[in-house]
Amino acid sequence: MSESDCDPGGCGCECLTGGMVDDVVRGRLAPAGRVEVICGPMFAGKSEELLRRVRRAGFAGLSVEVVHHAVDTRRGAGAVSSHSGLAVPAVPIADVAALEEHVATVRAGGLDLLAIDEAQFFGSALVDAVQRFAGLGLIVIVAGLDVTFEARPFEPMPSLAALAESVTRLTAVCSVC
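Rules of the game
Within every chain, residues take consecutive numbers counted from 1 along the sequence as written. Note on the predicted model: pLDDT of at least 70 is required for a residue's local features to be given, and 80 or more for side-chain atom pairs to be given and counted; whole-chain, interface and lining totals, by contrast, use all residues. Each side-chain value is worked out from all heavy atoms of the structure, with water and hydrogens disregarded. By definition, any uninterrupted DSSP run of H or I lasting at least four residues is a helix, any uninterrupted run of E lasting at least two residues is a strand, and each is numbered from the N terminus. Each residue is placed in one exposure class: buried if its accessible area under a 1.4 Å probe, protein chains only, is under 20% of its type's maximum, exposed if it is over 50%, and partly exposed if it falls in between. Contacts: residue pairs with any heavy atoms within 4.5 Å of one another. All accessibility values rest on the Shrake-Rupley procedure with a 1.4 Å probe; residue burial counts only the protein chains present in the view. For two strands to be treated as a pair, DSSP must find at least two bridges joining them. Orientation is described by lines fitted to C-alpha atoms, with helices fitted over the stretch in contact, and by angles between N-to-C directions that extend from 0 to 180 degrees. For our purposes a nonpolar core is just a set of buried Ala, Val, Leu, Ile, Met, Phe, Trp, Tyr and Cys residues, chained together by side-chain atoms within 4.5 Å. Angles are sorted into four bins: roughly parallel if under 35 degrees, roughly antiparallel if over 145, roughly perpendicular if 65 to 115, and oblique for all others. A crossing counts as left-handed when the near helix is turned anticlockwise from the far one by less than a right angle, and as right-handed when that turn is clockwise. Residues are grouped as follows: Ala, Val, Leu, Ile, Met, Phe, Trp, Tyr, Cys and Pro are nonpolar; Asp, Glu, Lys and Arg are charged; every other residue, Gly included, is polar.

A. Just the overall build of the chain, in detail. Within the chain, the regular secondary structure consists of 4 helices and 8 strands. In the chain, the succession of helices and strands from N to C terminus is β-α-β-β-β-β-α-β-α-β-α-β. Relative to its full complement of 177 residues, the chain shows a buried share of 42%. A separation threshold of at least 6 residues defines the contact pool for the chain, and within that pool the share at least 24 residues apart is 67%. With the model as given, the accessible surface of the chain reaches about 9,000 Å², and the carbon-plus-sulfur share is 55%.

Here it is, written out as C-alpha cells:
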C-alpha cells in the first residue's frame, strides 16, 4: 500500500501519534487540532512516551516543536530526555505567556505538533493556552505528573485530561515490592 492509498481511519495506518493519517502530509484539507495527554506518577515513562510520539510525527513529515518548563534542569536545559537515555532538543520555557509567544513565533514558520513536557510546572493557565493552540489546528501533546506525592490531583493535568481527545495514563513499576 502506498501513502496515497491511505484511507484515514480505515487502513490501519499509524502515521500519526493518534493512529490516523495526517491530511496535511497527504495534501488534503488540514485537520482540526487536538489535545493528547500523557500522565502518571514519577518513573512511569511519560517523557519516553512523549519522545516516541515526537519521533513518529517526524517520520510522518510533521513539523514538531518540543518544549519543557525551564524549572526542570535535572538533565540539563534544552533537552527532554527519558530515564532510558532517549533525548531530543527542547526549548526551556518559563511560563505560559512565554510559551504563547514562542508558539506564535514558531507557527509563523509552520508548525504541526507541539510537545510539552513537565506540564505540571506551568500551572492552570496552561489549560486555556493548550485549548487555543488546538483551536489553531495544532496537535498538542502534553506530558506531566497528574498526582502529587500524597496522591492528590496535580493541576493542570487532570483538567487537561478532561478536555483531551486522548489520554494515556501510565503507571510506574514498584521497585520496593
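B. Quick peek at the sheet that holds strand E6 (residues 113-117). Taken in spatial order, the 6 strands make up an open sheet running E5-E2-E6-E7-E1-E8, and their pairing is parallel. The sheet terminates laterally at strand E5 (91-93) and strand E8 (166-169), the two strands that pair on one side only. On average, each strand axis in the sheet is inclined to that of its neighbour by 20°, with strand direction left out of account. Sheet strands in contact with helix H1 (residues 46-59) are strand E1 (34-40), strand E2 (64-69), E6, strand E7 (139-145) and E8, and its direction is about 150° off that of E1.

C. Quick peek at the nonpolar core. Counting residues in each nonpolar core, the largest one holds 26 residues, and the members touching the most others are Ile116, Leu126 and Val142. With 6 residues, helix H3 (residues 125-135) is the single largest residue contributor to this core. Each residue touching Ile116, except ones within four places of it in the same chain, is listed here: Leu50, Val67, Leu99, Phe122, Leu126, Val130, Val140, Ile141, Val142 and Ala143.

D. Broad picture of the packing of helix H2 (residues 96-108) against H3. Where H2 contacts H3, the two axes come as close as 10 Å, and the packing angle between them is 15°. By the criterion of interaxial angle, the relationship of H2 to H3 is roughly parallel. Pair H2 / H3 crosses with right-handed handedness. From H2, Val96, Leu99, Glu100 and Val103 reach across to H3, where they touch Ala125, Leu126, Ala129, Arg132 and Phe133. A breakdown of the residues in the contact of H2 with H3 according to their chemical character gives 7 nonpolar, no polar and 2 charged.

E. Representation of the pairing of E1. Most of E1 is tucked away, with 7 of its 7 residues classed as buried. On E1, burial covers both faces: Arg34, Glu36, Ile38 and Gly40 on one face and Val35, Val37 and Cys39 on the other are all buried. Where E1 lies against E7, 7 bridges are found, and the strand directions are parallel. Of the residues in E7, the one forming a bridge with Cys39 is Gly144. Here E1 runs beside E8; their pairing, made up of 4 bridges, is parallel. Residue Val37 lies in a different strand from E8, and its bridge partner there is Val167.

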